[in-house]
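Examining the three-dimensional arrangement
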Amino acid sequence: SGWGSGSVSRWACGASYVFIFLLFWHEEVFRNVIHVTTVGVTAEWFFSLGGPGTPELYKQKNASPTVAAFKRASTWSLGSICFGSLFVAILKMIRFLLRQMRERNAALACIIDCILACLEDLIRYFNDYAFVQVGVYGKPYITAAKDTWALLMSGELWTSIMNDCLVDSVFTIFMLMGAGVTVLFVWATGLAKHCSGGDCESQAVGLIVAALVGLLIMALFMRLLYSSVMTTFICYADLASQGYAWQACDIGGESATMAQCLDEKYAEKGGDPVVGQPVA
C-alpha cells in the first residue's frame, strides 16, 4: 500500500529532476572536454620547439597531438572537468526549479533567475580559464582555479579579458557572415527561387533553417578558435609571471619560436644565446 499512485508519482517526479540535473551536468562536461582538448592541442603547438618555461608534458613530441589531448581530457583530467562543471550544472538546475515556481511569485523568481544567470555566466567564464590550466599543465581543478585567480589578481589576465571583448566581436561577425553565406548558397542552388503565385512561405522557412544551420556550424568552429586564443594568452601570461619576457617576433621575415626570439634578444645585447633562463 506504501507504493500507491501518489508515491509512484513522487518517485517519478524526483527521478525526472535527477535526470534533468544529470543532463545539465553531462552537457557542461561534454562542452568542457572539447574545450580542454582544444587547449591541449594549442599548447602542443605553442611549446612545439621547446624553450624557456616549456612544461615537461610538451618536451617530447606527440605523433598525434589531437588524440593525445583528447586522451588526457577524457581520462586524467576528466575528474577535474566533472568537478568544475558541477558548479554550473547546480546553478542551471536551480534556475530550472525557479522557472517552475514563477506561477507563484513571478516577479521575485524572475529577479533571482536573472542574478543566477549572471553568476552562471561568470562561473563558466572563470572555468574556461581554469580549464586552460587543466588542459595545458594537467593540474587538478582546485589548483587550476587558485592559479587562475592568482593570475587574475596579479593583473596578467586582464589583458586576456580585454582581448576576449575584441575577439568576441570578430567571432560574432564571422558567425553572421557564415549564416549569410549559407543563405546565399541555398538561394543559389535554387531552393528559394521558385515562388509560385507569390507564395514563398516554404522557401522562406528553408532560408531560415539554412541561416540557423550556418550559424550553428560557425558557432562550433568559433568556439574552437576561442579556446585556442584563450590558451595562447594564458601561456603568455604564465610565462610573463615566471619572468620570461619574450613575445612573438619575426626573424628574417619568418615567424619565430619562443626559443628563437629569446636567442635574438640575447644576441642584440651582445651576449651568448642562453635559452631557458628568465630575461632580466
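It should be noted that the structure appears before, not after, this text.
Since the structure is predicted, the reported quantities are computational estimates derived from the model, not experimental observations. (Residues numbered from 1 in each chain as written. Predicted model: local features only at pLDDT ≥ 70, side-chain atom pairs only at ≥ 80, totals over all residues. Heavy atoms only, no water.)

Some words on the overall build of the protein chain
Note the threshold: Strands here are runs of E lasting at least two residues and helices are runs of H or I lasting at least four, both read from the DSSP assignment and numbered beginning at the N terminus. We call two residues in contact when some of their heavy atoms are within 4.5 Å. Surface exposure here means Shrake-Rupley accessible area, sampled with a 1.4 Å probe, where a residue is shielded only by the protein chains that are shown.
Secondary structure assignment for the protein chain yields eight helices and two strands. In sequence order, the protein chain lays out its α and β elements as α-α-α-α-α-α-α-β-β-α. At a minimum sequence separation of 6, the contacts of the protein chain that also span at least 24 residues come to 67%. When the accessible area of the protein chain is evaluated, it comes to approximately 16400 Å², of which 69% is carbon and sulfur surface.

Points about the nonpolar core
Definition in use: Buried residues of nine kinds, namely Ala, Val, Leu, Ile, Met, Phe, Trp, Tyr and Cys, make up a nonpolar core once their side-chain atoms join them within 4.5 Å. The buried label goes to any residue with under 20% of its type's maximum accessible area, the exposed label to any with over 50%, and the partly exposed label to all in between, with areas taken from a 1.4 Å probe on protein chains only.
Formed by 21 residues in total, the largest nonpolar core has its most connected members in Phe47, Val132 and Val136. At the level of elements, helix 1 (5-46), helix 4 (106-137), helix 5 (141-154), helix 6 (158-188) and helix 7 (201-241) are the ones that each hand at least two residues to this core. The greatest single-element share of this core, amounting to eight residues, is contributed by helix 7. Contact partners of Val136, with chain neighbours within four places excluded, come to Val39, Ala43, Phe47, Leu57, Tyr58, Thr231 and Cys235. Counting residues in each nonpolar core, the second largest holds 11 residues, with Ala73, Ile81, Ala130 and Ala144 among its members.

Remarks on the pattern of salt bridges
Test applied: Any carboxyl oxygen of Asp or Glu that lies within 4 Å of a side-chain nitrogen of Lys or Arg is treated as forming a salt bridge with it.
Throughout the structure, instances matching the rule amount to 10 salt bridges. Measuring nitrogen to oxygen at the nearest pair gives 3.8 Å for the salt bridge that ties Glu28 to Lys92. Of this pair, Glu28 sits in helix 1 while Lys92 is found in helix 3 (residues 78-100), placing the two residues 64 residues apart along the sequence. A salt bridge links Asp128 to Arg223; the nearest nitrogen and oxygen atoms lie 3.3 Å apart. Of the two residues, Asp128 is situated in helix 4 and Arg223 in helix 7; the sequence distance between them amounts to 95 residues. Among the residues examined, Asp128 registers a relative accessible area of 4% and is labelled buried. Residue class for Arg223 comes out partly exposed when judged on its relative accessible area of 21%.

Digging into the packing of helix 3 against helix 4
Going by this rule: Axis lines are fitted through C-alpha atoms, for helices just across the contact stretch, and the angle between N-to-C directions can take any value from 0 to 180 degrees. For classification, angles of less than 35 degrees are called roughly parallel, those exceeding 145 degrees roughly antiparallel, those between 65 and 115 degrees roughly perpendicular, and all remaining angles oblique. Residue type decides the class: Asp, Glu, Lys and Arg count as charged, Ala, Val, Leu, Ile, Met, Phe, Trp, Tyr, Cys and Pro as nonpolar, and the leftover types, Gly among them, as polar.
Axis separation between helix 3 and helix 4 bottoms out at 10 Å; the angle between their running directions is 170°. Our classification of the angle between helix 3 and helix 4 gives roughly antiparallel. From helix 3, Ser80, Ile81, Gly84, Ser85, Phe87, Val88, Leu91, Lys92, Ile94, Arg95, Leu98 and Arg99 reach across to helix 4, where they touch Ala109, Ile112, Asp113, Leu116, Ala117, Leu119, Glu120, Ile123, Arg124, Asn127, Phe131 and Val134. The residue makeup of the contact of helix 3 with helix 4, split by class, is 14 nonpolar, four polar and six charged.

Quick word on a nonpolar patch on the surface
Rule in force here: Exposure above 30% relative accessible area and the lack of any salt bridge qualify a residue for a patch; like charges then connect within 9 Å, and the nonpolar side chains Val, Leu, Ile, Met, Phe, Trp and Tyr within 5 Å.
Together, Phe30, Ile34, Phe221, Leu224 and Leu225 give the surface a local cluster of nonpolar side chains, amounting to about 450 Å² of exposed area. If you list the elements that add at least two residues to the nonpolar patch, you get helix 1 and helix 7. The greatest single-element share of the nonpolar patch, amounting to three residues, is contributed by helix 7. Structurally, Phe221 can be placed in helix 7. Take Phe221: its relative accessible area is 45%, and that puts it in the partly exposed class.

Coordinates in, geometry out; function isn't part of it.
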